[in-house]
Amino acid sequence: MHGGDEVVAAPAGPPQPLDWKFSQVFGERIAGEEVQEVDIISAIEFDKTGDHLATGDRGGRVVLFERTDTKDHGVSRRDLERMDYPISRHPEFRYKTEFQSHEPEFDYLKSLEIEEKINKIRWCQTANSALFLLSTNDKTIKFWKVQEKKIKKISDMNLDPSKAVGNGSVASSSSPKPCLVNGSSFDGSYNNLSNDFFPPGGLPSLRLPVVTSQETNLVARCRRVYGHAHDYHINSISSNSDGETFISADDLRINLWNLEISSQSFNIVDVKPTNMEDLTEVITSAEFHPTHCNMLAYSSSKGSIRLIDLRQSALCDSHAKLFEEPEAPGSRSFFTEIIASISDIKFSKDGRHILSRDYMTLKLWDINMDSGPVATFQVHEYLRPKLCDLYENDSIFDKFECCLSGDGLRVATGSYSNLFRVCGCAPGSTESTTLEASKNPMRRQVQTPTRPSRPLSSITRVVRRGSETPGVDANGNSFDFTTKLLHLAWHPTENLIACAAANSLYMYYA
Amino acid sequence: MAMIDEPLYPIAVLIDELKNEDIQLRLNSIRKLSTIARALGEERTRKELIPFLSENNDDDDEVLLAMAEELGVFIPYVGGVEYANVLLPPLETLCIVEETCVRDKAVESLCRVGAQMREQDLVEFFIPMLKRLAAGEWFTARVSSCGLFHIAYPSAPEALKTELRTIYSQLCQDDMPMVRRSAATNLGKFAATIEAPHLKVDIMPMFNDLTQDDQDSVRLLAVEGCAALGKLLEPQDCAAHILPVIVSFSQDKSWRVRYMVANQLYELCEAVGPEPTRSDLVPAYVRLLRDNEAEVRIAAAGKVTKFCRILNSELAIQNILPCVKELSTDSSQHVRSALASVIMGMAPILGKDATIEQLLPIFLSLLKDEFPDVRLNIISKLDQVNQVIGIDLLSQSLLPAIVELAEDRHWRVRLAIIEYIPLLASQLGVGFFDDKLGALCMQWLKDKVYSIRDAAANNVKRLAEEFGPEWALQHIVPQVLDMINNPHYLYRMTILQAISLLAPVMGAEITCSNLLPVVINASKDRVPNIKFNVAKVLQSLIPIVDQSVVEKSIRPCLVELSEDPDVDVRFFATQALQSSDQLTMMSS
């Protein structure tokens, strides 16, 4: 981490390694219970404040959780932001609401089934008490508004509600019009009521309905549907810091949308070659810069990250910067290209760094340095001899996500057997922890305490560390490729990680 | 439940449905809010209905939008202008909702209400509300507040005016880009209400902040403010303060900002006056015409005529024309197309000699462009050049271009050129048309695509209108009628349609002598579709021709068709007979 000009002010050595503890679990499996395919979590995302968490699953549902430990204070949001709020307790969440975001569909033109699985969820700018989020499956992006609504309990009606029927002029014409004694229906007759019909003081017998109940419930409404813009499967969506646009990326193209306009989008990146046989790489992930509304990064299946500047031109076929690690000579094998494919990228909160995840490693890049990553972390190096097996059972194509802590000092990503790793990326930090998504996260942890015996190399920029001991097998646990921890998210301000193991959502704090 | 008199029943239902489960019924009630208000009377409207609506802020967006709109014209129902302030609370809550269109409508309605309020009420109610919104916890309130300053400011006492200016400047520096965008959008309106001395001292710094914003989306909107502010300032101040901003915008890093400048630049020329235009804006515009980004060049090229109109022809020839030449061979077809759509308008500005010398080669090269839109755009504006240099110089190149477009494999291109044929005919004259274009017009009647045949039939009619029945009888009618013998029934149908269109233009005499016999003859066709179309055409001919002709030829033919074995033929024949009966009855 000596690449940047302004090294993060390191007070006195690296921060202490965190001691992770189990916090909560939602949807825990009882021993022997079979996981329903539709319940498997496929997306996790905290909102900007960290007060809300959303998960999406393969059944097209979105579940929202809200933080309970800060909400009780009755302090306004602004005050909370201002004061340096000392956290006495770790964040706790509770189930808030859920809704069916996507349904399975069938594209008749292409004879293609469209799964309802939620690929990504992104929060948008909150306004009033309403929450806004974008969710997407392979083809269609939806904009949701979740809002508290008063439950209506109306009293004091003018007419007996049991007898009153719709006024018929706009409602379904099939509903019977209330007949008056003289047999005529009153359809539209109030249009003919002239001014003199009403006495100057009004009609005292008329009353306004009164809403008595003050109870509220949460209602999710789909505000907009952004469809028919992607020929291939959407792998990412990302909302922009300008609060009015977002991007959606599929294998070959990235489109730019205005949140208010669902009928058109602008293609900003197109890597589709004129001849599909010339196709050598696809887009795997894309994200907007957290503060500069004109910058976005996307990763490719060849292991490169491109930073583009929307200001330069309307169609951003040429990148502003390319981040690629030069291939180590002589290390090429059949799997080199497959495992180089980047499955996820994330900007750090300040936008200075980009974290990328490929099959075997996590890499941290400084956007001011495109010659190579400032740090590389091995995720599961012990799997390298098993690449052949992993290729055969397709596991090698699993797309693991990655995340950074809000302070940018640590990174995390998932692995197999429901394990995930947290590594320190501050200069000099050797922190590296393996945790299991279970109620006892340290259960299977191999001893990987800091190893002072291995001095930090100041010559090579690339710091490699982590457990290179091949054997968690030494613990007697064989690795299970079917239980993989693909999705996880770090709370934006605190040390809290939410991760998905099949249908269960586990949270850990430190 | 109260007992309601029978005549009140509809209004009672309307009121109850303000809270119905069905959104359509609620919407309906809200749209009839003025009726409800009249039924309740002014006082109860103020004391009950308005508070009731204020609480109703969690309804669906469609309902809120309708409510925001209704409240904008609600002053008469609450008791007139002196009570207008009671409308502010419900509109204030609507200014804070999440949905942009509702907020916009609420702001619009507040402006409308505020514009009618008495001065003391504005100070007592409107301005405090504005301040609340501007200090709102959520960005939605602050966004809305920006659009209300221009209503409040003129009525405010001096001290409040100072405060309002300060608040606005804070909004220009808000954390949220949405608020800054709204401040940028509304700056021009607000500035228009501000006294000249404050304009320079207070507004210009705000404007400068916005022009240097980090977010492209904010700077974009600041560009629009340039023209609005420029018009308010004295020319020398404008040149001193606005001009540098425009020049730097025209070199902004973001193509979107430059695109906005390209679109607006000509408006600014008027604001700054001729001298700065010559020295600064012309070079800026030239840079935009040569921009790296095609989108910017498209915008700039599309404004070339408007820009030249402001300059004198000498400046235009010297500075702009070389760029126009470059653009005519631009690598982007869209740039060439944008240029082609306006370049003909430069001819009157440059005058005859310069047009022949400089513009004509560009016209000719664009007429040979590989992209059909470019050629079409040139052809569509032919009349503008014709006035300056006459058509002869162009006609040599025009013909191949037209023929090629007429035979383009995309039917939409063919359709577009057909639309311009009457224009071309009028510009090129009868002689040219007879020689070259007549055959094309006939060829389109036999096109494979229905829309083209349809347009071709219409075109035949428009030509007859242009050149008169005499000419049409000689040059169009024989060829058209010839085609009635085409072996394909769809082409025969096109001819029937052409006949029905031509008949009103040609007049009774020619219709009887030339068109009618062909139609009558077609009633013996073996295809039922032709036969019922004959019935339809005959029906359309009845009002044109003489009653005696109707009796002698049309009716017997229709009677025969009304006994046809085919049900559709019988239907249309009967229909035609009935309409003929009605006409007879009316005339007798």
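Along each chain, the written sequence defines residue order, and numbers are assigned to residues from 1. Chain letters and ligand numbers both follow the written order, the letters beginning at A and the numbers at 1. Totals for whole chains, interfaces and linings use all residues, but because this is a predicted model, local features are given only for residues with pLDDT of at least 70 and pairs of side-chain atoms are given and counted only at 80 or more. For side-chain calculations, the full set of non-hydrogen atoms in the structure is used, while hydrogens and water are omitted.

Per an unreviewed UniProt entry, chain B carries the name Protein phosphatase 2A subunit A2 and comes from Hibiscus trionum. UniProt positions are given in the numbering used here, feature names are shortened, and annotations may be inferred rather than shown by experiment. UniProt annotates chain B under Sequence similarities (unreviewed entry) with the comment "Belongs to the phosphatase 2A regulatory subunit A family."

Taking an unreviewed UniProt entry as the reference, chain A is identified by name as Serine/threonine-protein phosphatase 2A 55 kDa regulatory subunit B belonging to Hibiscus trionum. Under the UniProt heading Function (unreviewed entry), the entry covering chain A gives this text: "The B regulatory subunit may modulate substrate selectivity and catalytic activity, and may also direct the localization of the catalytic enzyme to a particular subcellular compartment."

A. Here's a closer look at the overall build of chain A. For chain A, the helix and strand inventory stands at 3 helices and 32 strands. Sorting the 510 residues of chain A into buried and exposed places 52% on the buried side. Throughout, a residue-residue contact means that at least one pair of heavy atoms, one from each residue, lies within 4.5 Å. Relative to all contacts within chain A whose residues are 6 or more apart in sequence, the contacts with residues 24 or more apart total 58%. Note that accessible areas follow from Shrake-Rupley with a 1.4 Å probe, and for residues the cover is restricted to the protein chains shown. As presented, chain A carries roughly 23700 Å² of accessible surface, and 50% of it is formed by carbon and sulfur atoms. Counting from the N terminus, the helices are the DSSP runs of H or I reaching at least four residues and the strands are the DSSP runs of E reaching at least two. Classification of residues uses two cut-offs on accessible area relative to the type maximum, computed with a 1.4 Å probe and protein chains only: under 20% is buried, over 50% is exposed, and between them is partly exposed.

B. Broad picture of the sheet that holds strand β8 (residues 120–123) of chain A. Residue and element names in this part refer to chain A. What the 4 strands build is an open sheet, ordered β8-β9-β10-β13; its pairing is antiparallel. Each edge of the open sheet is held by one strand with a lone partner, namely β8 and β13 (216–226). Neighbour-to-neighbour, the strand axes of this sheet turn through a mean angle of 25°, independent of strand direction. Here, any two strands with at least 2 DSSP bridges between them count as paired. Lines fitted to the C-alpha atoms define the axes, with helices restricted to the stretch that makes contact. Angles between their N-to-C directions range from 0 to 180 degrees.

C. Fine view of unusual backbone geometry. All names here are of chain A. A positive phi angle, close to 55°, is found at S417, a residue other than glycine. Position of S417 among the secondary structure elements: in the loop between β27 (410–414) and β28 (419–424). Its relative accessible area of 2% is what places S417 among the buried residues. One non-glycine residue, A502, lies in the positive phi region at around 50°.

D. Representation of the side chain of S356 of chain A within the structure. Residues and elements named next belong to chain A. Among the secondary structure elements, S356 is positioned in strand β23 (residues 353–357). Polar contact is defined as a pair of N or O atoms within 3.5 Å, subject to the rule that within protein one atom must be able to donate a hydrogen and the other to accept it, and that residues adjacent in sequence are counted only when both atoms are side-chain atoms. Separated by 3.1 Å, the side chains of S356 and W365 make a polar contact. Excluding its chain neighbours within four sequence positions, the residues that come into contact with S356 are I305, I342, D344, I345, T361, L362, K363, W365 and C402.

E. Structural context of the sheet that holds strand β30 (residues 488–490) of chain A. Residue and element names in this part refer to chain A. If you trace the 4 strands from one edge of the open sheet to the other, you get β1-β32-β31-β30, paired in antiparallel fashion. At either margin of the open sheet sits one strand with a lone partner, and together these are β1 (21–26) and β30. On average, adjacent strands in this sheet sit at an angle of 20° to one another, irrespective of strand direction. Looking at chain direction, β1 and strand β32 (residues 504–509) are connected through 5 bridges and run antiparallel. Opposite F26, over in β32, you have L505 as the bridge partner.

F. Seen up close, the state of the cysteines. What counts as a disulfide here is a pair of cysteine sulfur atoms lying within 2.5 Å. For the structure on display, the rule yields 0 disulfides over all chains. No disulfide involves C172 of chain B; its sulfur sits 7.2 Å from the nearest other cysteine sulfur, which is in C146 of chain B.

G. Broad picture of the environment of Q443 of chain B. Residues and elements named next belong to chain B. When you line up the elements, Q443 lands in helix α27 (residues 411–444). The partly exposed category is assigned to Q443, whose relative accessible area is 38%. Each C-alpha atom of the pair Q443 and A66 lies 54 Å from the other, and the pair is 377 residues apart in sequence.

H. Representation of a nonpolar patch on the surface in the model. Residue and element names in this part refer to chain A. A grouping of F334, Y391 and F397 is seen on the molecular surface, where their side chains present a nonpolar patch of about 320 Å² in accessible area. Mapped onto the elements, F397 comes out in the loop between α3 (387–392) and β26 (402–404). The partly exposed category is assigned to F397, whose relative accessible area is 45%. Each patch is built from salt-bridge-free residues with over 30% relative accessible area, joining like charges within 9 Å and nonpolar side chains (Val, Leu, Ile, Met, Phe, Trp, Tyr) within 5 Å. Should a side-chain nitrogen of Lys or Arg be within 4 Å of a carboxyl oxygen of Asp or Glu, the pair is scored as a salt bridge.

I. Representation of the confidence of the model for chain A. All names here are of chain A. Looking at chain A, pLDDT values average 81 and 79% of them are 70 or higher. Every residue carries a pLDDT, the predictor's confidence in it, which falls somewhere between 0 and 100. A low-confidence stretch, residues 164–195 (pLDDT under 50), is modelled with 48 contacts involving residues beyond four sequence positions or located in other chains. Note on residues 447–477: pLDDT under 50 across the span, and 42 contacts to partners over four residues away in sequence or across chains.

J. A look at the packing of helix α18 (residues 274–289) of chain B against helix α21 (residues 313–327) of chain B. All names here are of chain B. Two numbers describe how α18 lies on α21: the axes approach to 10 Å, and their chain directions differ by 10°. Between α18 and α21, the angle falls in the class roughly parallel. Counted together, R278, V282, Y285, V286 and L289 of α18 and L315, N319, I320, C323 and L327 of α21 form the full contact between these two elements. We call Asp, Glu, Lys and Arg charged. Ala, Val, Leu, Ile, Met, Phe, Trp, Tyr, Cys and Pro are nonpolar, and the rest, Gly among them, are polar. For the contact of α18 with α21, the per-class residue count stands at 8 nonpolar, 1 polar and 1 charged. The cut-offs work like this: below 35 degrees is roughly parallel, past 145 is roughly antiparallel, 65 to 115 is roughly perpendicular, and the gaps in between are oblique.

K. Main features of the environment of P204 of chain A. Residues and elements named next belong to chain A. Inspection of the secondary structure puts P204 in the loop between β11 (154–155) and β12 (210–211). Judged by relative accessible area, P204 falls into the exposed class, the value being 69%. Linking P204 and V35, residues 169 residues apart in sequence, is a C-alpha distance of 63 Å.

L. A look at the nonpolar core. In this structure, L49, F126, I320, I343, W444 and L538 of chain B are the most contacted members of the largest nonpolar core, which totals 247 residues. The leading source of residues in this core is α27 of chain B, at 14 residues. The contacts of F126 of chain B, once residues within four sequence positions are left out, are L88, L110, G114, M117, D121, L148, I151 and A152 of chain B. Residues belong to one nonpolar core when they are buried, are Ala, Val, Leu, Ile, Met, Phe, Trp, Tyr or Cys, and are joined through side-chain atoms within 4.5 Å. By size, the runner-up hydrophobic cluster in this structure holds 16 residues, among which are L18, A437, W490 and Y508 of chain A.

M. Structural detail: the packing of aromatic side chains. Each aromatic pair joins two rings of Phe, Tyr and Trp (for Trp, the six-membered one) with centres within 6.5 Å, and gets the label stacked for planes under 30 degrees apart, edge-to-face for over 60, and tilted for any other angle. Following the criterion strictly, the structure yields 35 aromatic pairs over all chains and no others. Considering the side-chain rings of F132 of chain A and F143 of chain A, the 5.4 Å spacing of their centres and the 15° angle between planes classify their relative orientation as stacked. Here F132 of chain A, found in strand β9 (residues 131–136), pairs with F143 of chain A, found in strand β10 (residues 141–150); they are 11 residues apart in sequence, far enough to count as distant. The same class applies to F132 of chain A as to F143 of chain A, namely buried. Between W255 of chain B and Y259 of chain B the ring centres are 6.4 Å apart and the planes differ by 85°, which places this aromatic pair in the edge-to-face class. With W255 of chain B and Y259 of chain B both in helix α17 (residues 255–272) and 4 residues apart, the pair spans about one turn of that helix. Grouped by ring-pair contacts, the aromatic residues F22, F420, Y506 and Y508 of chain A constitute a single cluster. Sitting over the face of the ring of F572 of chain B, K536 of chain B holds its NZ or CZ atom 4.8 Å from the ring centroid. Either the NZ atom of lysine or the CZ atom of arginine qualifies as a charge over a ring when it sits within 6 Å of the ring centre and within 35 degrees of the ring normal.

N. Examining helix α4 (residues 42–55) of chain B more closely. Residue and element names in this part refer to chain B. An expected span of 1.5 Å times one less than the residue number is assigned to each helix. The first and last C-alpha atoms of α4 sit 19 Å apart over 14 residues, in line with the 20 Å expected at 1.5 Å per residue. The reported bend at a residue is simply the angle between two axes, fitted to the 7 residues ending at it and to the 7 residues beginning with it. Of all the bends in α4, the greatest, near 30°, is centred on L49, and the proline P51 appears no more than four residues after it. Along α4, the positions that sit buried rather than exposed are R44, T45, R46, L49, I50, F52, L53 and S54. Tucked into the core, α4 has its buried residues touching α2 (23–31), α3 (33–40), α5 (61–71), α6 (75–78) and α7 (88–94).

O. View of the pairing of β9 of chain A. All names here are of chain A. With respect to burial, β9 is a largely interior element, 6 of its 6 residues being buried. Neither face of β9 is left uncovered, since the one carrying L131, L133 and S135 and the one carrying F132, L134 and T136 both have all their residues buried. Two elements, β8 and β9, share 4 bridges in a ladder whose sense is antiparallel. Bridging across to β9, I121 finds its partner in S135. Pairing geometry for β9 and β10, over 6 bridges, is antiparallel. Counterpart to F132 in the pairing with β10 is K145. Count of turn residues in the β9/β10 antiparallel hairpin: 4 residues.

P. Quick peek at helix α13 (residues 177–191) of chain B. Between its terminal C-alpha atoms α13 of chain B stretches 21 Å, which fits the 21 Å expected from 15 residues at 1.5 Å a residue. Along α13 of chain B, the sharpest change in direction is near 40° and occurs at T185 of chain B.

Q. View of the pattern of salt bridges. All chains considered together, the criterion is met by 59 salt bridges over all chains. The salt bridge involving E404 of chain B is made with R375 of chain B; its shortest N-O contact spans 3.4 Å. You can see E404 of chain B sitting in helix α26 (residues 392–406) and its partner R375 of chain B sitting in helix α24 (residues 372–380), a full 29 residues away along the chain. R414 of chain B is paired through a salt bridge with D447 of chain B; the nearest N and O atoms lie 2.9 Å apart. Here D447 of chain B lies in the loop between α27 and α28 (450–467) and R414 of chain B lies in helix α27, a separation of 33 residues in the sequence. A cluster of three or more residues bridged by salt bridges with shared partners is formed by K145, R223 and R224 of chain A together with D61, E98 and E99 of chain B.

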